[in-house]
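Tertiary structure, described
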Amino acid sequence: VQLQASGGGLVQAGGSLRLSCAASGRTFSGYTMAWFRQGPGKEREFVAGFFRNNGRTYYSDSVKGRFTASRDNAKNMVSLQMNSLTPEDTAVYYCAASRGAILSAMTSRNAYDYWGQGTQVTVSS
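For clarity, every value in this text was computed on a predicted model and none was experimentally measured. (Residues numbered from 1 in each chain as written. Predicted model: local features only at pLDDT ≥ 70, side-chain atom pairs only at ≥ 80, totals over all residues. Heavy atoms only, no water.)

Comments concerning the state of the cysteines
- The full count for this structure, using the stated rule, is one disulfide.
- For Cys21, the disulfide goes to Cys95, at an S-S distance of 2.0 Å. Classification of the bridge connecting Cys21 and Cys95 rests on its S-S torsion, roughly 60°, and on that basis the disulfide is right-handed. Separated by 74 residues along the polypeptide, Cys21 in strand E3 (residues 17-23) and Cys95 in strand E9 (residues 91-98) bring together distant segments of the chain.
- Among the residues examined, Cys21 registers a relative accessible area of 0% and is labelled buried.
- Given the relative accessible area of 0%, Cys95 is considered buried. (Disulfide = S-S within 2.5 Å. Helix = DSSP H or I, 4+ residues; strand = E, 2+ residues; numbered from the N terminus. Buried < 20%, exposed > 50% of the residue type's maximum accessible area, 1.4 Å probe, protein only.)

This is the structure we're talking about:
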C-alpha cells in the first residue's frame, strides 16, 4: 500500500483544515487506517483511526469532539476534518495503514506497516 497525504497548511487558532490520504491497492478495505501526528520535539501520537474488523472510528482524547475522521473504501481514501484548531495541534500529520493490527494496539505506531509522507499543519495563535 502506498499512501499520499495532502491538505496541510497554516491556519489561525479556531480555524479548520481538512486532510486527505489517498491509498493505492485493491485491498484497501482490509486495512486498519489511522492518522498520527508528530509535534516539534514530541513523539508521534495517535489521532484517529478506523479498525478494520468492526468498522468503528476511534479518537484520541485530545481531538475528540473537534476532529472527524472519515473513510471511503470505494475511493481508497481517508480524511480528517479538523475544527477548532489550537496551536497545540501544530504537527506533521501522517496517515498509516495496518494489515494485522489488533484493537488494543491500534493506537501504537508500531502496529502500522505503511506510512504516508506527512503533511504539515501549523496553527498560529
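Points about the nonpolar core
- Membership of the largest hydrophobic core comes to 27 residues, with the highest contact counts inside it found for Met33, Trp35, Val47, Phe67, Leu80, Met82 and Tyr93.
- Among the secondary structure elements, those contributing two or more residues to this core are strand E1 (3-6), E3, strand E4 (32-38), strand E5 (45-50), strand E7 (67-72), strand E8 (77-82), E9 and strand E11 (119-124).
- If we ignore the near neighbours within four places in the chain, the residues touching Phe67 are Arg37, Val47, Tyr59, Leu80, Gln81, Met82, Asn83, Leu85, Asp89 and Tyr93.
- Core analysis: the next-biggest nonpolar cluster, separate from the first, contains 10 residues, Ala34, Phe51, Ala101 and Ala111 among them. (Core = buried A, V, L, I, M, F, W, Y, C linked by side-chain atoms within 4.5 Å. Contact = heavy atoms within 4.5 Å.)

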